[in-house]
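Observations on chain architecture
Chain by chain, the residues run as shown.
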Amino acid sequence: MMGLFLSKYDKKALDSFGFTGFKEAFNVLGYAVETPPSSIKNYRDEFDPYFPNPRLGWHHRELRDYCRDIMERTQDLSFEMFHAIINSFVVDEYVEISDIKSNHPITRERKFLANRIITGKAAEEYFVMNYRNIPTFSDFNLTDTTNLGCGFDYKLSLNTSNFYVEVKGINNRQGSILMTEKEHNMAEDLLERYCLFVVSNFKDSPMHQLFFDPLHCDNLLFHRQERQVIQVSYSTIIPRI
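The text that follows walks through the structure, step by step, so that each part is easy to find. (Residues numbered from 1 in each chain as written. Predicted model: local features only at pLDDT ≥ 70, side-chain atom pairs only at ≥ 80, totals over all residues. Heavy atoms only, no water.)

Helices and strands together make up the secondary structure of the chain, namely 7 helices and 5 strands. Tracing the chain from N to C terminus, the helices and strands come up as α-α-α-α-α-α-β-β-β-α-β-β. For the chain, the residues scored as buried account for 43% of the 241 residues in total. Taking all contacts inside the chain whose residues are at least 6 apart in sequence as the whole, residues at least 24 apart take part in 54%. In the form shown here, the chain has an accessible surface area of approximately 15,000 Å², with 50% of it arising from carbon and sulfur atoms. (Helix = DSSP H or I, 4+ residues; strand = E, 2+ residues; numbered from the N terminus. Buried < 20%, exposed > 50% of the residue type's maximum accessible area, 1.4 Å probe, protein only. Contact = heavy atoms within 4.5 Å. Areas by Shrake-Rupley, 256 points an atom, 1.4 Å probe, with all protein chains shown as cover.)

Set out below in structure tokens:
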């Protein structure tokens, strides 16, 4: 379905998630849903002959039956609705697709937030797929703590030895990252047992760097930032029974 969305809406689809090119879209969306980026590209190419875009795609072969079925079942969706479904795969993972009724305009803020969240999720899945190829971690057991809010994303354990890994993702080869106060505090407490795992270059070919004891690493210099946040809430009165 992601390949269909990219094929049907082309540059509009890229812009809706803040992507600057298709290679970035393949990498970020692919890793975010634990699928090879080449698979997203192949599906886009398969649907390309059926939509007005500058690519020929796989015009020399007939569309597979299940792909044709998906294309027919989504042909009446608005752009906003189709985007919401794709978004549910990579951002709102606990929302049932059948319950989505969104036709909200895709604002600049929504695009920025979606891109940041999806890139972060892609970086996490990249780590899960590749951590055993890192000699320091190869024999360790992995515990996913991404939804626990404990200041790190993964705990790696081997006998009595532990590492605590916080994963960050950036789209370019170089860029800035943010650590929350809780992440910073955990890094202060855990020192060399805390690892900052940064996946970069999603725009081309993802690569990674590891920073153990990141707060005392010569290559990193963290600056404290304080911001006032305005939080909007909505209240109502429940009628008496």
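Additional details are given in the paragraphs that follow.
Moving on to the sheet that holds strand S1 (residues 141-144). Across the sheet, which stays open at both edges, the 5 strands sit in the order S1-S2-S3-S4-S5 with mixed pairing between neighbours. Strands at the two margins of the open sheet, each flanked by one partner only, are S1 and strand S5 (207-212). Each neighbouring strand pair of the sheet contributes to a mean axis angle of 25°, computed without reference to strand direction. This element, helix H7 (residues 181-190), spans strand S3 (161-169) and strand S4 (194-200) of the sheet and lies at about 130° to S4. (Pairing = 2+ DSSP bridges. Axes fitted to C-alpha atoms, helices over the stretch in contact; angles between N-to-C directions.)

Once that is clear, we can look at the pattern of salt bridges. In a structure, side chains of opposite charge can pair up when their charged atoms sit close to one another. Applying the stated criterion across every chain yields a total of 12 salt bridges. For Asp 48, the salt bridge identified is with Arg 44, shortest N-O distance 3.7 Å. Judged by relative accessible area, Asp 48 falls into the buried class, the value being 1%. Judged by its relative accessible area of 8%, Arg 44 falls in the buried class. (Salt bridge = Lys/Arg side-chain N within 4 Å of Asp/Glu carboxyl O.)

The next subject is the packing of aromatic side chains. Here the distance between the centres and the angle between the planes together describe a pair of aromatic rings. Under the criterion given, the structure shown has 21 aromatic pairs. Positioned above the aromatic ring of Phe 163 is the side chain of Arg 193, whose terminal nitrogen or guanidinium carbon lies 4.6 Å from the ring centre. (Phe/Tyr/Trp six-rings, centres within 6.5 Å; stacked < 30°, edge-to-face > 60°. Lys NZ or Arg CZ within 6 Å of the ring centre and 35° of its normal.)

With that settled, the discussion passes to the nonpolar core. Membership of the largest hydrophobic core comes to 45 residues, with the highest contact counts inside it found for Phe 5, Leu 6, Phe 127, Phe 137, Leu 156, Val 165 and Phe 197. The contacts of Phe 5, once residues within four sequence positions are left out, are Asp 10, Ala 13, Ser 16, Phe 17, Phe 79, Phe 82, His 83 and Ile 86. With 7 residues, the next largest nonpolar core counts Phe 152, Met 179, Leu 190 and Tyr 194 among its residues. (Core = buried A, V, L, I, M, F, W, Y, C linked by side-chain atoms within 4.5 Å.)

Below, the discussion takes up the side chain of Asp 153. Examined against the element boundaries, Asp 153 turns out to sit in the loop between S1 and strand S2 (154-158). For the buried Asp 153, which has no salt bridge, the nearest side chain bearing the opposite charge is Lys 168, at an N-O separation of 6.2 Å. Only 2.9 Å separates the side chain of Asp 153 from the backbone nitrogen of Val 167, close enough to count as a polar contact. Sequence-distant contacts of Asp 153, defined by excluding residues within four places in its chain, comprise Glu 124, Thr 143, Asp 144, Thr 145, Thr 146, Val 165, Glu 166 and Val 167. (Lys, Arg positive; Asp, Glu negative; His and termini not counted. Polar contact = N/O pair within 3.5 Å; in protein donor to acceptor, adjacent residues only side chain to side chain.)

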